[in-house]
Amino acid sequence: MDDIIATTDWSLYSTETSLLSYLAVKSDGAEWILRLLDIVPNDARDGLFTACWYCSDARVQAKLVKKFDEWITEDPTWGGGDREDVWLGYFLGKWISEGTFSYEKLKKLIVWHFRHEHKINVAAPSAS
């Protein structure tokens, strides 16, 4: 696995990105995750997100918050179809339940999640 991880071009959509889940148990996996969060394309991050899920390194979690913030800010269509928005919801639940970040740190992501994922209808219910 180490050879595959080291020699693969992870910026291509055609790579077998589920292999990146291995980074969660690799001794220098956090370093790889930190680097790959910048280059693995959307719709190809499932393995990388899995590695992030099981990686307890605070730098990885902080970088992931930063990347989610960048993705939702830079691309108004982000998450629409590639299901990365679902991963955001999973991570928000994890970070909130584990107390990884303060509400203030996650506020922008939480608001985005509820506005986009749950399509809140702000109209008052009818009184019938």
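This text goes with the structure placed above it.
First, a word on scope: everything that follows refers to the structure included in this document. The structure displayed is predicted, hence computed values, not measured ones.

## Some remarks on the overall build of the protein chain
So, step 1. Check the secondary structure of the protein chain and you find six helices and zero strands.
So, step 2. In the protein chain, the order of α-helices and β-strands from amino to carboxyl end is α-α-α-α-α-α.
So, step 3. Evaluated residue by residue, the protein chain yields a buried proportion of 40% over its 128 residues.
So, step 4. A sequence separation of at least 24 residues applies to 58% of the contacts in the protein chain between residues at least 6 apart.

## Observations regarding the environment of Asp 38
So, step 1. Looking at the element boundaries, Asp 38 is found in the loop between α2 (29-36) and α3 (46-54).
So, step 2. A C-alpha to C-alpha distance of 9.1 Å links Asp 38 and Ser 11, two positions 27 residues apart in sequence.
So, step 3. A distance of 3.1 Å separates the side chain of Asp 38 from the side chain of Lys 67, its partner in a polar contact.

## Details of the packing of aromatic side chains
So, step 1. Within this structure, the stated rule accounts for 15 aromatic pairs.
So, step 2. These aromatic residues form a ring-pair network of at least three members: Phe 49, Trp 53, Phe 68, Trp 71, Trp 78, Trp 87, Tyr 90, Phe 91, Trp 95, Phe 101 and Trp 112.
So, step 3. Lying across the ring of Trp 53, Lys 94 places its NZ or CZ 4.7 Å from the centre.

## Notes on the environment of Ala 51
So, step 1. Take Ala 51: it is sitting in helix α3.
So, step 2. With a relative accessible area of 0%, Ala 51 lands in the buried category.
So, step 3. Along the chain, Ala 51 and Gly 29 lie 22 residues apart, while their C-alpha atoms are 8.3 Å from each other.
So, step 4. Ala 51 has contacts with Leu 20, Ser 21, Leu 23, Ala 24 and Ile 33, leaving out every residue within four places of it along the chain.

## What about the side chain of Lys 63?
So, step 1. The topology assignment puts Lys 63 in helix α4 (residues 58-74).
So, step 2. Using a relative accessible area of 17% as the deciding quantity, one classes Lys 63 as buried.
So, step 3. Leaving out residues up to four positions away in the same chain, Lys 63 has contacts with Leu 34, Leu 37 and Asp 38.

## A word on the pattern of salt bridges
For side chains bearing opposite charge, pairing can occur when the charged atoms are close.
So, step 1. In this structure the tally under the stated criterion is 11 salt bridges.
So, step 2. Across the pair Lys 63 and Asp 38 runs a salt bridge, and its minimum N-O distance is 2.7 Å. Here Lys 63 is found in helix α4, whereas its partner Asp 38 is found in the loop between α2 and α3, with 25 residues between them in sequence.
So, step 3. Looking at Asp 38, the relative accessible area reads 46%, which means it is partly exposed.
So, step 4. Among the ionic contacts, a cluster of salt bridges with common partners joins Asp 38, Lys 63, Lys 66, Lys 67 and Glu 70.

## A few points about the nonpolar core
So, step 1. Ranked by size, the top nonpolar core spans 34 residues in total, and within it Leu 23, Ile 33, Phe 68, Trp 95 and Leu 109 carry the most contacts.
So, step 2. Breaking this core down by element, the ones donating at least two residues are α2, α3, α4, α5 (84-98) and α6 (103-117).
So, step 3. If sequence neighbours within four positions are ignored, Ile 33 has contacts with Leu 23, Leu 48, Ala 51, Cys 52, Cys 55 and Val 60.

Cut-off values and rules
- Residue indices follow the written sequence of each chain, beginning from 1 at its first position.
- Totals for whole chains, interfaces and linings use all residues, but because this is a predicted model, local features are given only for residues with pLDDT of at least 70 and pairs of side-chain atoms are given and counted only at 80 or more.
- Note that water and hydrogens are dropped before the side-chain values are worked out from all heavy atoms of the structure.
- Under the scheme used here, helices are H or I runs from DSSP no shorter than 4 residues and strands are E runs no shorter than 2 residues, and both carry numbers assigned from the N terminus.
- Only protein chains enter the accessibility calculation, which uses a 1.4 Å probe. A residue is then buried if its area is under 20% of the maximum for its type, exposed if over 50%, and partly exposed in between.
- The criterion used for residue contact is that any of the two residues' heavy atoms lie within 4.5 Å.
- Residues adjacent in sequence count toward polar contacts only when both atoms are side-chain atoms; beyond that, a polar contact is any pair of N or O atoms within 3.5 Å, and within protein one must be able to donate a hydrogen and the other to accept it.
- Stacked, tilted and edge-to-face are the three classes assigned to paired rings of Phe, Tyr and Trp, where Trp is represented by its six-membered ring and a pair needs centres within 6.5 Å; plane angles under 30 degrees give stacked, over 60 edge-to-face, the rest tilted.
- Here, a charge over a ring means that NZ of Lys or CZ of Arg falls within 6 Å of the ring centre while also lying within 35 degrees of the ring normal.
- When a carboxyl oxygen of Asp or Glu lies within 4 Å of a side-chain nitrogen of Lys or Arg, that pair is called a salt bridge.
- The nonpolar core is taken to be a set of buried Ala, Val, Leu, Ile, Met, Phe, Trp, Tyr and Cys residues, with the residues joined through side-chain atoms within 4.5 Å.

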